[in-house]
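Geometric and topological summary
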Amino acid sequence: MQHTQNLHHSTALIVGVTGMAGLSLAEAFKSPTALGGPWKVYGSARRPMPTWFPSSTLDHYITFDATNQNDTVERLSPISHEITHLFWLAIQVRESEDSNVKINQAMLGNVLHVLRSSPASRLTHVALQTGTKHYMGPIFDPTLSAQLVTHDPPFREDFPRLPYPNFYYALEDIVHSHAPSLSYSIHRSSIIIGASARSVYNALLTLAVYAAICRHEGVPFKYPGNRYTWEHFCDMSDARVLAEQQIWAAMTGQAKNQAFNCTNGDVFTWRSAWKVLSDVFDVEFVAFDEGDEFDFVGMMKEKANVWDDIVEKYGLCKTRLEEITCCEALSSVLHFRFQHVCSMNKSREFGFFGYMDSLKSIRMWVERLRNMKLIPPFY
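Owing to the predicted nature of the structure, the values given are computational and were not obtained by experimental measurement. (Residues numbered from 1 in each chain as written. Predicted model: local features only at pLDDT ≥ 70, side-chain atom pairs only at ≥ 80, totals over all residues. Heavy atoms only, no water.)

Of all the positions in helix α2 (residues 69-76), only D71, T72 and L76 are classed as buried. The buried residues of α2 occupy one face: seen down the axis, they fall within an arc of 105°. Exposed residues pointing more than 90 degrees away from the buried face of α2 are listed as N70 and E74. Residues of α2 that are buried sit in contact with β1 (10-15), β3 (60-63) and α3 (97-117). (Buried < 20%, exposed > 50% of the residue type's maximum accessible area, 1.4 Å probe, protein only. Helix = DSSP H or I, 4+ residues; strand = E, 2+ residues; numbered from the N terminus. Arc of directions from axis to C-beta. Contact = heavy atoms within 4.5 Å.)

In structure tokens form, the structure reads like this:
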């Protein structure tokens, strides 16, 4: 009879498992068709596992603070000899991009130090999730955002780095520094769509909370962006496609030591998305009116108590509005004056063909958020 430990060809550590991408990645590993499987999966995050997270997707859950070197050593050393693949989905956001560089660089550095310094280290691959800020620069830095000159879309992986600080660049440099003794893959997502109350940038949950407040107060669900984004193309990354690409790259020789964009493979306009969102949130569709601009960020800052009332009324998981929404970031994205679109040609040339219909994806993930009791039923 085969020993249990031999059934697992690979052991993954997902750092940032409670985010949108982390949840989908954990679920993808447990699929009977997962490449390289069966997998043993460790998931980790800074806080205890939330009640809405499906614990059955993980073999073990570890709580530790990657910014703290001692805590990282204490929590990860006991399993450091098991991990074959590190999937880095963690992110911390600070007030400036220089601060983002320091904190995120320290986190990845601390974890890699523990996993690599084990005498019995089995680590062979690091999957690093970044995003399209690679091509746009630090768009959320208050002092740098106004001076950025971004690449022209569609964004391609071979575009040169921009001359601004960017913590994505710093993380890439760290994984580069461990090659060739470790292989790596870099996954540049677009706007991620998935289900979590613990993602720093969660556009869909932010929109769902906004819609719930509009419905609760009987006010119009108005588009909080500009005419350009209303009418021009954008893309997004379903968390399931992102998970599929990360596992594919980890298990495919020709994909090693490469960077890949990861989007659904289609494009949409926010006008078409707004119709879908209005339908699934059961609010009246309101066409964009340039003369009806409003302070979306300021308005949402005043609605914390309203969200508390909604959570109580529908028996939702206890969440605070300021923790589960990213109103400033969403407003920035919806005020772009360029088409936020990535090329998926390189992925296809290397053999990855994962895709998703973005508008259908919205419907599915809204239903998932409802089932997780993170948003109201909307009917």
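Below, the discussion takes up the layout of surface pockets. Each pocket or cavity is described by its volume, and for the second largest pocket that value is around 290 Å³. Taken together, 21 residues make up the lining of the second largest pocket; nearest its centre are G225, N226, F288, E293 and H335. Every element with two or more residues in the lining of the second largest pocket is listed here: α7 (227-231) and α10 (296-301). The class makeup of the residues in the lining of the second largest pocket is nine nonpolar, four polar and eight charged. (1 Å grid on protein atoms, 1.4 Å probe; cavity = no way out; pocket = protein on both sides within 12 Å on 5 of 7 lines; lining within 4 Å. Points joined across faces, edges and corners; volume = space filled by probe spheres on them. Nonpolar A, V, L, I, M, F, W, Y, C, P; charged D, E, K, R; others polar.)

A separate point is the side chain of Q92. With respect to the helices and strands, the residue Q92 is situated in the loop between β4 (85-88) and α3. Relative accessible area serves as the criterion here: at 7%, Q92 is assigned to the buried category. Here the side chain of Q92 touches R94 through a polar contact of 2.8 Å, side chain to side chain. Ignoring anything within four residues of it in the chain, the contact list for Q92 reads R46, D65, T67, N100, I103, N104 and M107. (Polar contact = N/O pair within 3.5 Å; in protein donor to acceptor, adjacent residues only side chain to side chain.)

Turning our attention to empty space enclosed by the protein. Think of a ball as big as a water molecule: rolled over the atoms, this probe shows where empty space is left. This model, assessed by the stated rule, comprises two cavities of 30 Å³ or more. The space that makes up the largest cavity amounts to roughly 70 Å³. Elements represented by at least two residues in the lining of the largest cavity include exactly β7 (191-193), α6 (203-217) and α9 (270-280). In this structure, the second largest cavity spans a volume of roughly 60 Å³. Considering the residues around the second largest cavity, the lining is formed by T229, H232, F233, C234, W270, V333, F336, F338, Q339 and H340. Grouping the amino acids of the lining of the second largest cavity by side-chain chemistry returns six nonpolar, four polar and no charged.

Packing of α6 against helix α11 (residues 304-314) leaves a shortest axis separation of 10 Å and a crossing angle of 85°. Put simply, α6 runs roughly perpendicular to α11. Between α6 and α11, the residues in contact are V209, A212, I213, H216 and E217 and V306, W307, D309, I310 and K313, respectively. Of the residues belonging to the contact of α6 with α11, the class tally is six nonpolar, one polar and three charged. (Axes fitted to C-alpha atoms, helices over the stretch in contact; angles between N-to-C directions. Parallel < 35°, antiparallel > 145°, perpendicular 65-115°, else oblique.)

Before going further, it helps to spend a moment on the environment of G291. Tracing the sequence through the fold places G291 in the loop between α9 and α10. Considered as a pair, G291 and C317 are 26 residues apart in the sequence and their alpha carbons are 37 Å apart.

The subject of this paragraph is the confidence of the model for the protein chain. Averaged over every residue, the pLDDT of the protein chain is 96; the share at 70 or more is 98%. Overall, residues 1-6 carries pLDDT values under 50, and its contacts beyond four positions in sequence, including any with other chains, amount to one contact. (pLDDT = per-residue confidence, 0-100.)

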